[in-house]
Amino acid sequence: YSEAQQYFSKALPLLPEIDIRRAKSYNNNAFALQERQQFSAAIAQYKAALELLRLCRESVDKTSAYIDVHINLANIYGRTVKFDSAYYYLQQLKEIISSEVQTDIADYHQQLGEIYFLDHQYELSREQIEQALSIRRNVFGNHHPKIGVAYRRLGRIAEMTGRYDQALTYYQQAITAFVPTFKFDALQDLPDPKIFSNDRLELLTTLKFKAKVFQALQEQAAAKSTLQLATQLIDQIRQNYLADGSKYALLERAMPIYEQAIDLAVKMNELEWAMQISEKSKSTLLLENIRHSEAKAFAGIPKEWLEQEREMKVQLAFRERLMNETES
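J.: Is there a simple way to think about helix H8 (residues 145-160) in this case?
T.: Three or four residues apart is the spacing at which side chains of an α-helix point the same way, because the helix has 3.6 residues per turn. Taking 1.5 Å of rise per residue, 16 residues should cover 22 Å, and H8 covers 22 Å from first to last C-alpha, within 8% of that figure. Most of H8 is tucked away, with 13 of its 16 residues classed as buried. Count one or two residues on from H8 and you reach Gly-162, which has phi positive near 80 degrees.

Below, the structure is given as structure tokens:
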């Protein structure tokens, strides 16, 4: 996301002052800020996108951009527990979308369901997510990331209301949506880690919640195999990430899974597995930094310059963390 922001900053001076592409750049930059937990800055960028869109002439492209920004604003206000603002932008969204565009209607129901869930209104959330899922299955079939996200939300609702078996069924259906070739006979079944997934990050999150339910049911063996697959998936994703920022972002997503696995290993008295997970969590980013430094050293960069760069990265990470905590 930090790399994406650099490109957006280069694009903006090249675009006309009043242009839908400029508004889209504001929206996309805001999303990158949001994913980096810089919520105040993201909201400002989303609102700048809205103001600019109001000045642009009417077109299908403008309507599409309006919808994207309203969904993102509802999402960020929901995440920051400002529900009145979230519902406001969803109401605005409802007035914008066309009854003929099924995907937009589904996105509206999904986002409203997400806000209801965050607002602990689980029955209302379930109703909205089921409407979104019904539309999306008609449009996309059963194997699509948006189908998986809807099933996972239904799983979370069932989990939060104590219906664990139903939650597991939903999580299995979500996994099937993310891994098209996966078919299951039992709730404990898992896909082969080498099989293609259409969204590995969403699959990773689903595995985390599935393991959590098995732990609540005291089915420790099933929870262990699920978390083992999750850690394998983390390794696969990490190998395809090149930017340092991506690796840090993955580590933030992976650490709760590592901690969940360590906690389970201790409860199962499998100390060797606990140590393996602990070392994996500590070495994941360290290994990448060592490879990065070795590559630079091989290129002939003086050692003192590499040390200076390392110190600057530490200072930068520290300052960004302070900024994020202040803004959130």
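J.: Teacher, can you tell me more about unusual backbone geometry here?
T.: If a residue is not glycine, its phi is most likely negative; likewise, a peptide bond is most likely trans. In the Ramachandran plot, Gln-37 falls in the positive-phi region, its phi being about 70 degrees despite a non-glycine side chain. With relative accessibility at 33%, the residue Gln-37 sits in the partly exposed group. With a phi angle near 65 degrees, Gln-218 is a residue other than glycine that sits in the positive phi range. Relative to the assigned elements, Gln-218 resides in the loop between helix H10 (200-216) and helix H11 (220-239).

J.: Hey, could you run me through the nonpolar core in this one?
T.: One recurring pattern in soluble globular proteins is that nonpolar side chains are buried together. One finds Tyr-151, Leu-154, Leu-203, Leu-204 and Leu-207 to be the most contacted residues of the largest nonpolar core, which totals 45 residues. Within the residue set of this core, elements represented by two or more residues are helix H7 (122-140), H8, helix H9 (164-178), H10, H11, helix H12 (244-267) and helix H13 (271-298). Setting aside chain neighbours within four positions, we find Tyr-151 in contact with Leu-133, Arg-137, Tyr-170, Gln-173 and Ala-174. If you look at the next biggest cluster of nonpolar residues, it comprises 37 residues, including Tyr-26, Ile-76, Ala-86 and Ala-106.

J.: Is there a simple way to explain the side chain of Asp-235 in this structure?
T.: In this fold, Asp-235 is placed in helix H11. Apart from residues lying up to four places away in sequence, Asp-235 is in contact with Tyr-258 and Lys-280.

J.: What is the right way to read the pattern of salt bridges from this model?
T.: A side chain with one charge may pair with a side chain of the opposite charge, provided their charged atoms come close. A complete count under the given rule lists 16 salt bridges for this structure. Between Glu-17 and Arg-22 there is a salt bridge; the shortest N-O distance is 3.8 Å. Under the relative-accessibility criterion, Arg-22 is labelled buried at 8%. Note that Glu-35 and Arg-79 form a salt bridge whose closest N and O atoms lie 3.3 Å from each other. Taken together, the residues span a long stretch of sequence, with Glu-35 in helix H2 (residues 20-35) and Arg-79 in helix H4 (residues 60-79) at a distance of 44 residues. On the basis of relative accessibility, which here comes to 26%, the residue Glu-35 falls in the partly exposed class. Looking at Arg-79, the relative accessible area reads 34%, which means it is partly exposed. One salt-bridge network, in which partners are shared between bridges, spans Asp-107, Arg-136 and Lys-146.

The rules we used
- Residues numbered from 1 in each chain as written.
- Predicted model: local features only at pLDDT ≥ 70, side-chain atom pairs only at ≥ 80, totals over all residues.
- Heavy atoms only, no water.
- Helix = DSSP H or I, 4+ residues; strand = E, 2+ residues; numbered from the N terminus.
- Expected span 1.5 Å × (residues − 1).
- Buried < 20%, exposed > 50% of the residue type's maximum accessible area, 1.4 Å probe, protein only.
- Core = buried A, V, L, I, M, F, W, Y, C linked by side-chain atoms within 4.5 Å.
- Contact = heavy atoms within 4.5 Å.
- Salt bridge = Lys/Arg side-chain N within 4 Å of Asp/Glu carboxyl O.

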